[in-house]
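Letter by letter, the chains look like this.
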Amino acid sequence: MESQNYGHRHPLLLLLNEDQRIVANCSRCGEKVSTPCFSCAQDCGFYLHKVCAEAPLELNHPFHLDHPLLLMQNAPYSSGEYICDFCDKEDDKFVYHCSCGLDFHIKCALFTFNIAENNLKELEHVALLLPSISTEYGDYLGKCFGCWDSLTNYTHFSPDCGFNLHEKCAELPFKLNHACHRKHPLVLQFNSQRLSCKICQVTRTRRGSGFVYGCSPCNFVVHIDCGSQSLLQVIESTNHKHPFTLFLRQVPFTCDACGTEGNHVAYTCGTCNIIIHKNCSSLPRIIKSKWHDHRLLHTYFHDIEDFRVLDCMICHDEVNTEHGSYDCSKCNVIFHVKCALKDKYSYSIVSLENEDEMPNESSISVIERNDAGEATKIKHFKHKHNLMLGPFVGGYENSCDGCMLPISDPFYYCSECDFFLHKACAELPRMKNVWHHYCQKPLTLISDKVFKCAECWDISNAFAYECCGCKRKICLRCVIALTPGSRTCLKHEHPLFYYIKRNGKCNACGYTSGDEAFRCKDCNFVLHRGCFSLPITARHICDEHLLSLTDHDDNSYSKSHYCDICEESQDPNRWFYHCAICDTSAHVDCVLGKYPFLKLGSIYEETGHPHPLTIVKKKYYYPDCDKCSKPCEGVALECSKSECKYIVHWNCVAPYSLQCSLWWGM
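Residues numbered from 1 in each chain as written. Predicted model: local features only at pLDDT ≥ 70, side-chain atom pairs only at ≥ 80, totals over all residues. Heavy atoms only, no water.

### Some points on the sheet that holds strand β24 (residues 295-299)
Turning to step 1, where the next piece is worked out: Pairing is antiparallel across the open sheet formed by five strands, whose spatial order is β26-β25-β24-β23-β27. The open sheet terminates on both sides in strands that have one partner only, identified here as β26 (333-335) and β27 (347-349). Taking each pair of neighbouring strands and ignoring which way they run, the sheet shows an average axis angle of 35°.
Turning to step 2, where the next piece is worked out: Direction of pairing for strand β23 (residues 286-289) relative to β27: antiparallel, over a ladder of three bridges. Pairing of K288 across the sheet is with S348, part of β27. (Pairing = 2+ DSSP bridges. Helix = DSSP H or I, 4+ residues; strand = E, 2+ residues; numbered from the N terminus. Axes fitted to C-alpha atoms, helices over the stretch in contact; angles between N-to-C directions.)

Structural data, given as structure tokens:
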């Protein structure tokens, strides 16, 4: 049977033979074709599912009455790709698009249209699976596309047919009268505006946000599972001794458990005069947080005098002590509930108040103290000799063996060998939780291993924290920088705080980034994490003196803006290194080079050579590399045996994972 060509240059044939085997994909939806389907009469490889071929060019969808959905060959985006707002999968084929930003696969638009029209006979071909099979598909495929709840507890449609959907979600009533919104009935629809549920307050941020019951004139939505459940009149709380009673409101309120706004559905404790969201009745009372070394306790109300500062240790905004928060009684610090419970990787629930915390074993043992109680002589478990509290008569030209930044007061030094530690680096515990590290294992302090930091990607062999689970390593500079709290900077008078996803132009490198950065709350001062950890002083053969990190405000004495190392121009608004005595100026990366945090003189075991190799940096005499035969300028590996003249570039023998192209892109 010959039919119209549906936009194809040749006539199409309708194939109805169910026994006919076809190995091809539909030219509209991209999925495998089976009969009934259309095939090009001239056999040019063009196929269409019958459903895709007959899909209307404009679809007035009952779940989206505001605008029609238009069938387009490509999504109206520069990439030509889109993410389906029903199944959350990416595609670049035909799309049903709405001017408000909704996008659907053809099959998803028509599938949900049949559900809306209660045309369930069209769904009879979709196989039903037993709940136990859904676990094979992981967290993503184990979710219903309608309510985004787990599939394990319900019969659902087979993912082999392209849809994960509870049978109950395919049979939802189109309209719903609900006690939370008596003004209008709620209609089953797509949550095109990504509104939060008025019952549980949760906003599903993923594109495939499923169905909701909503009232478009009132901008009111509830999740289908929240709307379908009868509201409990009385609920017990996990963190409050009295039960809570249902209280339906039509005006906003502030939840006393989490401190955020709510409306419509609230639960109250008549004894304590507390009002909370429904979901907040199950807030954990005690948690172990990735953002703090001690346990955090949920409390409804606080006295202001209990805390040094009332700023949340995560977001740095003020915490209202008249509402609930998490706090540490040992450190007198406080956290917003939403910050402490940011995601499932950031905390674990403590079931018992006397449950042991992570051991906070010190890295040092004190041998002597002065009259003020300050430790003046210590033994660090990562060094064989005793360490003395500075000042060191030899000067401050050395770097800390912990963080590889220049030595500054206060610090410890070894009188028997060339070993230095900042006091703050020496006092770090042997085990620690590190913010942003999502593995549920603590990290252990290590040293003398060459590693690439999982946070800043710098190559180093100084101290680091290594995860007991995934074995990722984080340098001390990042550990200290990522510890919640304020930081100071040589170039700024106010304290700096670490923020996630805050746009701003970095005062040091001049680049604007939406990623993590240190910011000042009082003025528009921003530093990227790598810029924040720049060494304040550094040495280079271009000058006999120490070079100091300098910003443009200190550059009035410089008559020219050229780097004295590479002789290229430098932006006067970016930080650079400068010698005030010689008026030498240089780019940051020209001074520091590719590997500023490798300890020179330390041993590196390279299996291709019979002797231990020493990490060196050649400044004047450049012997030829035994691997590439080019002069060994910069960081190299030299045989520790004086009679052996073996020497190689670091990049010629080090694993690719321990190499870098440039350290700081100035």
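### A closer look at the pattern of salt bridges
Turning to step 1, where the next piece is worked out: Scanning the model with the defined rule gives 13 salt bridges in all.
Turning to step 2, where the next piece is worked out: Residues E54 and K50 are paired through a salt bridge, measuring 3.0 Å at the closest nitrogen-oxygen approach.
Turning to step 3, where the next piece is worked out: Judged by relative accessible area, E54 falls into the partly exposed class, the value being 43%.
Turning to step 4, where the next piece is worked out: On the basis of relative accessibility, which here comes to 27%, the residue K50 falls in the partly exposed class.
Turning to step 5, where the next piece is worked out: Taking the shortest distance from any N to any O, the salt bridge between K423 and E427 comes out at 2.6 Å.
Turning to step 6, where the next piece is worked out: Of the residues examined, K423 reaches a relative accessible area of 19% and is grouped as buried. (Salt bridge = Lys/Arg side-chain N within 4 Å of Asp/Glu carboxyl O. Buried < 20%, exposed > 50% of the residue type's maximum accessible area, 1.4 Å probe, protein only.)

### Notes on the side chain of S237
Turning to step 1, where the next piece is worked out: Examined against the element boundaries, S237 turns out to sit in the loop between β17 (234-235) and β18 (244-248).
Turning to step 2, where the next piece is worked out: With a relative accessible area of 14%, S237 lands in the buried category.
Turning to step 3, where the next piece is worked out: Polar contacts involving the side chain of S237 include one to the side chain of N239, which spans 2.8 Å.
Turning to step 4, where the next piece is worked out: In this structure the side chain of S237 is engaged in a polar contact, spanning 3.1 Å, whose partner is the backbone oxygen of S281. (Polar contact = N/O pair within 3.5 Å; in protein donor to acceptor, adjacent residues only side chain to side chain.)

### What about a negative patch on the surface?
Turning to step 1, where the next piece is worked out: On the surface, D564, E567, E568 and D583 cluster together to form a negatively charged patch.
Turning to step 2, where the next piece is worked out: Looking at E567, the relative accessible area reads 64%, which means it is exposed. (Patch = residues over 30% accessible without salt bridge, like charges linked within 9 Å, V, L, I, M, F, W, Y side chains within 5 Å. Areas by Shrake-Rupley, 256 points an atom, 1.4 Å probe, with all protein chains shown as cover. Lys, Arg positive; Asp, Glu negative; His and termini not counted. Charge placed at Lys NZ, Arg CZ, Asp CG, Glu CD.)

### With respect to the confidence of the model for the protein chain
Turning to step 1, where the next piece is worked out: Summary statistics for the protein chain give a mean pLDDT of 82 and a share of 86% for residues scoring 70 or more.
Turning to step 2, where the next piece is worked out: No element of the protein chain has a lower mean pLDDT than helix α3 (residues 138-141), which averages 44, and none a higher one than strand β30 (residues 386-389), which averages 94. (pLDDT = per-residue confidence, 0-100.)

### Some words on the packing of aromatic side chains
Turning to step 1, where the next piece is worked out: Per the counting criterion, the structure on display carries 15 aromatic pairs.
Turning to step 2, where the next piece is worked out: When the centroid spacing of 6.0 Å and the interplanar angle of 45° are considered together, the rings of F190 and F211 count as tilted. Here F190, found in strand β14 (residues 181-190), pairs with F211, found in strand β15 (residues 211-215); they are 21 residues apart in sequence, far enough to count as distant. Here F190 matches F211 in class, with each residue buried.
Turning to step 3, where the next piece is worked out: Relative to W650, the ring of Y604 has its centre 5.1 Å away and its plane inclined at 55°; by these criteria the two rings are tilted. Note that Y604 is positioned in strand β47 (residues 603-604) and W650 in helix α11 (residues 650-653), a separation of 46 residues in sequence. (Phe/Tyr/Trp six-rings, centres within 6.5 Å; stacked < 30°, edge-to-face > 60°.)

### As for a nonpolar patch on the surface
Turning to step 1, where the next piece is worked out: Side chains of I541, Y620 and Y621 sit close together on the surface and give an oily, nonpolar patch of about 420 Å² of accessible area.
Turning to step 2, where the next piece is worked out: On the secondary structure map, I541 appears in the loop between β43 (537-540) and β44 (543-550).
Turning to step 3, where the next piece is worked out: Take I541: its relative accessible area is 41%, and that puts it in the partly exposed class.

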